[in-house]
Amino acid sequence: MHSIFKQAKTQATEPASAGKPSMTSSFDQTAPDQGDSQTDLQLVRKVRNGDRAAFDLLVLKYQSRVASIISRYVFDSHEVMDLTQETFVKAFRAIDRFRGDSAFYTWLYRIAVNTAKNYLEARSRRPQGSADSADAENYDDGQRLRDIASPEKLLQRDQLQRALNKAIDALPEELRSAFLLREYDGLSYEDIARILECPIGTVRSRIFRARDAVDRHLGPLLNHSASN
Amino acid sequence: MDDRLRETLSAMMDDEADELAVRRLLSFSDQDEVRGQWQRWQQIHDLMHGTGAAADSVSPATDVSAGVWQRLDGRVPASEQHATKATNLQRWHWPAVAMIAMALVVGFGAGSGWQGVGEPELIAAQAGAEPNATATAASVSEVSLQGLDDRQRQQIHRYLLEHAQHNSVGAGRGSVGYARLVSADAGGY
């Protein structure tokens, strides 16, 4: 599945070394959506103006990551859910104090950590782990959560993962290349357009169509996951 | 939602949508559809990056936002209150008791100029069993609640109620200021 992605990346490195430093910097992004996000800032501005729908999108975007942060401290699933909600409640109430000095996710991460620590302190329990806000940019929460997930969840996740791989393999080459360069390497549309030698609008369209195709392929599994 | 709008949403996922496009998307009439599509793509993204391995309680398919809005709107289901409620109660219980005791002493002592006859037990009783609050009350024990008439007793009850309410709303901030501002004789608080 990843051979095309690797090939595209190799192609991308060549012109970068030939005098396009902006492209090499893009390749350093291993977690693109955890850095500065203009979309997040746009949504934050909307939330400040009273747009609830904008906050919903932020919640949906970050709820899994916030839950995984909290689950480093608290292992009861109901408490994790409660504290995840509490984190977003605090974030909403303090949104006017978010100055944009750091990424929104980093700010949210600090709130989540403090919420979990305060909760444990109130319960007179010692934190089970430790976390600093610096961890927010590169924390791999997958392993930790695999440790605490139930066997049913693990099975379901494996099924989803297999279906995802199959869906990506089934994509036409031009869609798959654009999609993987975006998702796995975090390249901008502009960089992908250079690599694939096509207009930015085409890249945008290809990524959308790839995403849509994968979504349709996974459809029933995602619905099943939602109902559980 | 037509394909153009969905393509905009996809670009938003990738941080490639401009402000105007975001505004257009958020003003779309069927926000449930927008949320549903956004959530599904976020699930796929999380799955691809290994962050889809969420805790049992908050899988990527769970919508946390409903619970968040319930809390923000003060409609928290009883089953979901236990964690934060316990935390908040434990955090503010003793400070609130101490504040009320302090308000009682400062407000009545300074505002009414009553003569103290030195009965620390009575003040300690107002402060409950909290040792710190008792110590605080005892240190300013030159106040007595004896000799109050019915009107004054009613006033003190209203005063305490108002103060407790103010304390809970302000989460402890400014409570003493409030107590100092309001005189027991002033009425109208």
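Worth saying up front: this structure is predicted, and the values here are computed from it rather than measured.

1. A look at the nonpolar core
Next up, step 1: Core analysis: the biggest nonpolar cluster contains 66 residues, and Val59, Ile70, Leu108, Ala112, Ala116 and Ala178 of chain A have the highest contact counts within it.
Next up, step 2: Ranked by residues supplied to this core, first place goes to helix 4 (residues 52-70) of chain A with 11 residues.
Next up, step 3: Leaving out residues up to four positions away in the same chain, Leu108 of chain A has contacts with Tyr62, Val66 and Ala91 of chain A.
Next up, step 4: Core analysis: the next-biggest nonpolar cluster, separate from the first, contains 10 residues, Ala96, Val97, Ala98 and Ala101 of chain B among them.

2. Some thoughts on the environment of Leu104 of chain B
All names here are of chain B.
Next up, step 1: Relative to the helices and strands, Leu104 is located in helix 5 (residues 78-112).
Next up, step 2: Here Leu104 falls in the buried class, since 22 other C-beta atoms lie within 10 Å of it.
Next up, step 3: C-alpha of Leu104 to C-alpha of Leu160: the two residues are 56 residues apart in sequence and 7.6 Å apart in space.

3. Quick look at the packing of helix 5 (residues 77-93) of chain A against helix 4 (residues 65-72) of chain B
Two packed helices can be described by the angle between their axes and the distance between those axes.
Next up, step 1: Between helix 5 of chain A and helix 4 of chain B, whose axes approach to 9 Å, the crossing angle comes to 55 degrees. Between helix 5 of chain A and helix 4 of chain B, the interaxial angle falls into the category oblique. For helix 5 of chain A against helix 4 of chain B, the interelement crossing comes out right-handed. Taken together, the residues of helix 4 of chain B that come into contact with helix 5 of chain A (itself represented by Gln85, Phe88, Val89 and Phe92 of chain A) are Gly67, Val68, Arg71 and Leu72 of chain B.
Next up, step 2: In terms of residue class, the contact of helix 5 of chain A with helix 4 of chain B is made up of 5 nonpolar, 2 polar and 1 charged.

4. Side note on the packing of helix 4 of chain A against helix 5 of chain A
All names here are of chain A.
Next up, step 1: For the pair helix 4 and helix 5, interaxial distance at closest approach is 9 Å and the crossing angle is 135 degrees. With respect to their mutual orientation, helix 4 and helix 5 come out oblique. Relative to helix 5, the crossing made by helix 4 is right-handed. Listed contacts from helix 5 to Phe55, Val59, Gln63, Val66, Ala67 and Ile70 of helix 4 are Val80, Leu83, Thr84, Thr87, Phe88 and Phe92.

Definitions and cut-offs
Residues numbered from 1 in each chain as written. Chains lettered and ligands numbered in written order. Predicted model: local features only at pLDDT ≥ 70, side-chain atom pairs only at ≥ 80, totals over all residues. Core = buried A, V, L, I, M, F, W, Y, C linked by C-beta atoms within 7 Å. Buried ≥ 20, exposed ≤ 12 C-beta atoms within 10 Å, placed from the backbone. Helix = DSSP H or I, 4+ residues; strand = E, 2+ residues; numbered from the N terminus. Contact = placed C-beta atoms within 7 Å. Axes fitted to C-alpha atoms, helices over the stretch in contact; angles between N-to-C directions. Parallel < 35°, antiparallel > 145°, perpendicular 65-115°, else oblique. Left-handed = near helix turned anticlockwise from the far one by under 90°. Nonpolar A, V, L, I, M, F, W, Y, C, P; charged D, E, K, R; others polar.

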